[in-house]
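# Chain and residue survey
The residues making up each chain are set out below.
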Amino acid sequence: MPLYLGLDSSTQSLTALLLEVDAPVPGDASGRPPRVVFEDSISFDDELPGYGTRHGVLPADDPAVAASPPLMWVEALDRMMSRLSASGIDLSRLAAISGSAQQHGSVYLNGHAAARLARLDASRPLAGQLGGVLSRPVAPIWMDASTSAECREISAAVGGAERLAQLTGSRAFERFTGPQIRKFFKHEPDAWAATDRVHLVSSFLASLLVGAHAPLDPGDASGMNLMDLATRRWLPEALDATAPGLAAKLPPIVPAKTPIGRLALYWRLRYGLPAARVVVWSGDNPSSLIGSGLVREGQVAVSLGTSDTVFGVMQAPRVDRSGTGHVFGAPTGDYMGLTCFRNGSLARERIRDQHGLDWEGFSAALRATPPGNLGALMLPWFEPEITPHVAQPGVHRLGLDRSEAARNVRAVVEAQMLAMASHSRWMGVDFDAIHATGGAAANRDILQIMADVFGVAVRRLQVGNSACLGAALRAYHAEMVAGLGDPPPDSGTHLADHRQGEPGEREGRYVGVDWDLIVQGIAEPTGEIVAPDPAAVEVYRDMAPRYAELERGYRSPDAPTGDFPAPC
Ligand code: ADP
Ligand code: XUL
């Protein structure tokens, strides 16, 4: 029974998840669904304290600056492989590996890197062998907000924020890699000149696995403000607007299903691992799409975490004209839309605490109040909001007194759901199923309002780390596709002809191994279906324009130049 390894290098930790699969062909009725047989996590702060990070980030004098040490990620990977080899699991069955990494972060390597990667010494730890190949000792990450000037310069050079968004999927954001590269080139020209290759976190870690410079997939490359979304190739005018000589320093972009090599000798000799296939890595959001079971247009996930996020599959690369949403490439070969709301659990907790409730009391308040809240409305912007752009925080109430506990509880949840429904409309997708995830998805009464506002059934996802699970499923999918070769003409419904994309080629939706079969039984929502109540759906249909009007009156009038570094 083959094993598939998913790795997830996030801001604060490295996680590994091993899937065991017994069906030779995905969806084969004789096989059980894939199972998780190993899961482990390394917290950077706790287990690698020598790097001095807090929550995975290096301390900085300027609060807008956020960077991490790349060698910490290297050491974590080395340590995780060591643990895996000591797990007692028969790893000779390991067929393929893929990974997920925090998006936007960049790693800068000099001209010695390729030779060093090709000749890693299995008798010595990895991190000690790589210090000499970094042309920049730190990697700026997605929490960095220090590049507003570069965002303005890049936008102006390509003809404005809207044009940049149309071409690349997002207007210029401080944390996106293009503005980060430009800042490095401007402030450290010598180090820029010594840089031979700029990797994202995903392609850097994949390079270690294969012992050679690895490519990027379109999902992660679309978080850079540098990729032409339509062709999935580097966009020359964006490259020119960012830094001189950039084209020669970037990895190629290959389809997300591409095997990029075999596990390098270092790993085989040091940890006794087999020559498993390594599949191009992706970003954590595209990986979560798969790990949340979102494989066709119409399915959407709502994550109710510290901040709330809506993301879903889009067949066409429609772009958010309001400038807050992002379009990334999806591992299925489609696209994904993502919108992030900062006042998520944070706002729910503030209202809960203001009225001295626990979560059970919060739920009871939702059950005790009617849909529509007798006309009351709230804008729960306890913190500056990303969507819509609100620079000055403020909580606004209409037809509602601050002291009314139950109606305030209902008002915060209704406002959040109305905002999510309204600000995901730019994706142009008719949602037919919502997969709910994140801590607050445990609350059935919140899910009922979600179902009623969106007018579709909601089901809860059971997966913990959807990005890591998505990486393992991507490895499984790519291995299946690679194993197909040229399928025989009568190869059955899910083994249709598949097209090998050329690097950078516009893929369209991959045909080959059906993604529905890959996620079946493992990344699917389970349990109760929270169905919309038709009467409540009507109430919210009438309420939506009133909410939108209230929001228009309070959001910041200026077009944002950047966003707030919130976890999404
Ligand atoms: P993160 O984004 O940090 O990963 P999680 O997805 O783990 O966050 O969600 C944690 C949040 O879930 C908590 O901050 C809490 O507000 C919320 N939460 C937990 N249980 C409930 C509940 N029963 N009802 C509503 N919210 C809840
Ligand atoms: C997405 C974003 C974060 C990072 C880190 O644009 O900045 O989700 O990928 O998780």
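For the structure, check the block above.
Residues numbered from 1 in each chain as written. Chains lettered and ligands numbered in written order. Predicted model: local features only at pLDDT ≥ 70, side-chain atom pairs only at ≥ 80, totals over all residues. Heavy atoms only, no water.

## With respect to the overall build of the protein chain
Test applied: Here a strand is any run of E in DSSP of at least two residues, a helix any run of H or I of at least four, and the numbering for each starts at the N terminus. C-alpha atoms define the radius of gyration in this analysis, and the globule rule sets the expected value at 2.2 Å times the number of residues to the power 0.38. When accessible area is computed with a 1.4 Å probe and restricted to protein chains, residues below 20% of their type maximum are described as buried, those above 50% as exposed, and intermediate ones as partly exposed. Two residues qualify as a contact provided that any one of their heavy atoms is within 4.5 Å of a heavy atom in the partner residue. Accessible areas in this description were obtained via Shrake-Rupley with a 1.4 Å probe; residue shielding takes into account the shown protein chains only. Charge assignment: positive for Lys and Arg, negative for Asp and Glu; neither His nor the chain ends contribute. Think of each charge as sitting on NZ of Lys, CZ of Arg, CG of Asp or CD of Glu.
Scanning the protein chain for helices and strands turns up 21 helices and 22 strands. Radius of gyration (C-alpha) of the protein chain: 23 Å, near the 24 Å computed for a compact globule of 568 residues. The dimensions of the protein chain, computed from C-alpha atoms along their principal axes, are 70 × 60 × 45 Å. Burial status across the protein chain gives 61% buried among its 568 residues. When contacts within the protein chain are restricted to residue pairs at least 6 apart in sequence, long-range pairs at least 24 apart make up 75% of them. Only carbon and sulfur atoms are counted for the fraction: they give 52% of the accessible area of the protein chain, which is about 20,400 Å². Of the side-chain charges in the protein chain, 50 are positive and 64 negative, and the distance between the mean point of each set is 2 Å.

## Here we look at the site of ligand 1
Rules: One heavy atom within 4 Å of a molecule or strand makes the whole residue count as near it. Here a polar contact is taken to be a pair of N or O atoms separated by no more than 3.5 Å, where protein atoms must pair a possible hydrogen donor with a possible acceptor and residues adjacent in sequence count only if both atoms sit in side chains. Residue type decides the class: Asp, Glu, Lys and Arg count as charged, Ala, Val, Leu, Ile, Met, Phe, Trp, Tyr, Cys and Pro as nonpolar, and the leftover types, Gly among them, as polar.
Close to ligand 1 lie Gly-305, Thr-306, Ser-345, Glu-349, Trp-359, Gly-438, Gly-439, Ala-440, Asn-443 and Ile-446, which account for all nearby residues. For ligand 1, an oxygen atom lies 2.7 Å from a polar atom in the side chain of Thr-306. Considering ligand 1 on its own, with 590 Å² of exposed area, one finds that the protein chains cover 59% of that surface. Here the shell around ligand 1 is built from residues that sort into 3 nonpolar, 6 polar and 1 charged.

## Quick notes on the packing of aromatic side chains
Defined as follows: Only rings of Phe, Tyr and Trp enter the pairing, Trp through its six-membered ring, and a pair is recorded when the two centres are within 6.5 Å. The plane angle decides the type: under 30 degrees is stacked, over 60 is edge-to-face, the rest tilted. In our convention, an over-ring charge means Lys NZ or Arg CZ found within 6 Å of a ring centre and within 35 degrees of that ring's normal.
In the structure shown here, the tally under the stated rule is 8 aromatic pairs. Note on Tyr-108 and Phe-184: the rings are 4.7 Å apart at their centroids and 55 degrees apart in plane angle, and the pair reads as tilted. In this pair, Tyr-108 sits in strand β6 (residues 106-109) while Phe-184 sits in helix α7 (residues 177-187), placing the two residues 76 residues apart along the sequence. Residue class for Tyr-108 comes out buried when judged on its relative accessible area of 0%. Judged by relative accessible area, Phe-184 falls into the buried class, the value being 2%. Taken together, Tyr-108, Phe-184 and Trp-192 form an aromatic cluster joined through their ring pairs. Cation over ring: Arg-171 sits above Phe-173, and NZ or CZ is 4.0 Å from the ring centre.

## Section: the pattern of salt bridges
Condition: Take a side-chain nitrogen of Lys or Arg and a carboxyl oxygen of Asp or Glu: if they are within 4 Å of each other, that pair is a salt bridge.
Per the stated rule, a full pass over the model turns up 26 salt bridges. Across the pair Glu-237 and Arg-163 runs a salt bridge, and its minimum N-O distance is 2.7 Å. Within this pair, whereas Glu-237 is found in helix α11 (residues 236-242), its partner Arg-163 is found in helix α6 (residues 161-168), the two being separated by 74 residues in sequence. Arg-444 serves as the salt-bridge partner of Glu-528, at 2.8 Å between the closest nitrogen and oxygen. Of this pair, Glu-528 sits in strand β22 (residues 525-530) while Arg-444 is found in helix α18 (residues 444-454), placing the two residues 84 residues apart along the sequence. Judged by relative accessible area, which is 31%, Arg-444 ranks as partly exposed. The structure contains a network of salt bridges with shared partners spanning Glu-20, Asp-22, Arg-32, Arg-35, Asp-90 and Arg-93.

## Some remarks on unusual backbone geometry
The peptide bond linking Thr-387 to Pro-388 adopts the cis configuration, its omega dihedral lying at -5 degrees. Relative to the helices and strands, Pro-388 resides in the loop between β18 (377-381) and β19 (394-398). Its identity as a non-glycine residue notwithstanding, Asn-225 has a phi of 60 degrees, on the positive side. Residue position: Asn-225 is located in the loop between α10 (218-221) and β9 (227-228). For Arg-232, which is not glycine, the phi dihedral falls at a positive 60 degrees. With respect to the element layout, Arg-232 can be found in the loop between β9 and β10 (233-234). Assessed through its relative accessible area of 1%, Arg-232 is described here as buried.

## Focus on the packing of helix α16 (residues 359-368) against α18
Quick reminder of the rule: Angular values range over 0 to 180 degrees, each being the angle between N-to-C directions of two axes fitted as lines to C-alpha atoms, with helices fitted over their stretch in contact. Roughly parallel refers to an angle under 35 degrees, roughly antiparallel to one over 145, roughly perpendicular to one between 65 and 115, and oblique to any angle outside these ranges.
Direction vectors running N to C along α16 and α18 enclose 40 degrees, while the axes themselves pass 8 Å from each other. In terms of orientation, α16 lies oblique with respect to α18. Only Asp-445, Ile-446 and Ile-449 of α18 make contact with α16, whose side of the interface consists of Phe-362, Ser-363, Leu-366 and Arg-367. Each residue belonging to the contact of α16 with α18 can be placed in one class, and the counts come to 4 nonpolar, 1 polar and 2 charged.

## Looking at α16
Along α16, the residues that are buried comprise Gly-361, Phe-362, Ser-363, Ala-365 and Leu-366. Residues of α16 that are buried sit in contact with α15 (345-354), α17 (405-422) and α18.

## Brief notes about the nonpolar core
The line we're drawing: Here, nonpolar core refers to any group of buried Ala, Val, Leu, Ile, Met, Phe, Trp, Tyr and Cys residues whose side-chain atoms link them within 4.5 Å.
Counting residues in each nonpolar core, the largest one holds 78 residues, and the members touching the most others are Leu-226, Trp-234, Leu-304, Met-417 and Met-450. Not counting residues within four places of it along the chain, the set of residues in contact with Leu-304 comprises Ser-345, Arg-348, Met-417, Met-420, Thr-437, Gly-438, Gly-439, Ala-440, Ala-441, Ile-446, Leu-447 and Met-450. By size, the runner-up hydrophobic cluster in this structure holds 60 residues, among which are Leu-3, Leu-77, Ala-214 and Leu-263.

## A closer look at the sheet that holds β22
Operational definition: By this definition, two strands are paired if DSSP reports at least two bridges between them.
Reading across the sheet, the 7 strands line up as β16-β17-β15-β14-β20-β21-β22 and stay open at both edges, with mixed pairing between neighbours. Edge positions in the sheet fall to β16 (326-329) and β22, since each of these pairs with one other strand and no more. Averaged over all adjacent pairs, the angle separating strand axes in this sheet is 25 degrees, with direction ignored. One ladder, built from 3 bridges, connects strand β20 (residues 433-437) with strand β21 (residues 458-461); its direction is parallel. Each bridged residue has a counterpart across the sheet, and for His-435 the counterpart in β21 is Arg-459.

## Some points on the packing of α16 against α17
The N-to-C vectors of α16 and α17 enclose an angle of 90 degrees; their axes lie 8 Å apart at closest approach. Relative to α17, the element α16 lies roughly perpendicular. Across the interface between the two elements, Phe-362, Ala-365 and Leu-366 from α16 touch Ala-406, Val-409, Arg-410, Val-412 and Val-413 from α17. Looking at the contact of α16 with α17 residue by residue, the classes come out as 7 nonpolar, no polar and 1 charged.

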